[in-house]
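Commentary on secondary and tertiary structure
Residue-level listing of the chains:
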Amino acid sequence: LSPFASRRQFDGLLRLNTPDDPTIDQRVKGTLRQYCSTFVLINLREIAQGTRLEQAYQVKLRETSFRQNLVTAIRAVEEVHDVSLLMQDPSLEV
């Protein structure tokens, strides 16, 4: 790699919504720690009159093969809805 070459910091964007509940938040973050080497919350907003939170995380997977496992594990957390993982395509990097 040349000194100007860059390595992607993140593989994709994970979106989900959860109840506004610290216990569920900890379960989601525990799952992210299991499958991701790095994750950063980039968007958080209240929905459903403040009873739910819409969240978006930038994620760097430990292994790219963990994509489906991560989505399945996040969906398994109680009361988590609308889970989607959008992966970056390295061929589109500039």
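This text gives an overview of the structure that appears in the document. Keep in mind that what you see is a predicted model, and the values were worked out from it rather than measured. (Residues numbered from 1 in each chain as written. Predicted model: local features only at pLDDT ≥ 70, side-chain atom pairs only at ≥ 80, totals over all residues. Heavy atoms only, no water.)

What about the pairing of strand S3 (residues 52-61)?
With 8 of 10 residues buried, S3 lies mostly within the body of the structure. Sheet analysis places strand S1 (residues 12-19) next to S3, joined by 8 bridges and oriented antiparallel. Within S3, the position partnered with Arg15 by the bridge is Ala56. Summarising the sheet, strand S2 (residues 36-47) and S3 pair through 10 bridges and their orientation is antiparallel. Residue Leu41 lies in a different strand from S3, and its bridge partner there is Tyr57. Linking S2 to S3, which pair antiparallel, is a turn of 4 residues; within it Ala48 sits at a positive phi near 55 degrees. (Buried < 20%, exposed > 50% of the residue type's maximum accessible area, 1.4 Å probe, protein only. Helix = DSSP H or I, 4+ residues; strand = E, 2+ residues; numbered from the N terminus. Pairing = 2+ DSSP bridges.)

As for helix H2 (residues 67-76)
Looking at H2, one finds that the buried residues are Leu70, Val71, Ala73 and Ile74. Projection of H2 onto a plane perpendicular to its axis shows the buried side chains occupying an angular sector of 165 degrees, all on one side. In this structure, H2 carries Gln68 and Ala76 as exposed residues pointing more than 90 degrees from its buried face. In this structure, the buried residues of H2 make contact with S1, helix H1 (22-35), S2, S3 and strand S4 (81-87). (Arc of directions from axis to C-beta. Contact = heavy atoms within 4.5 Å.)

A short note on the side chain of Asn17
You can see Asn17 is positioned in strand S1. Among the residues examined, Asn17 registers a relative accessible area of 7% and is labelled buried. Engagement of the side chain of Asn17 in a polar contact is seen with the side chain of Asp82, the distance being 2.8 Å. Once residues within four sequence positions are removed from consideration, Asn17 is found in contact with Ile47, Arg52, Leu53, Glu54, Glu79, Val80, His81 and Asp82. (Polar contact = N/O pair within 3.5 Å; in protein donor to acceptor, adjacent residues only side chain to side chain.)

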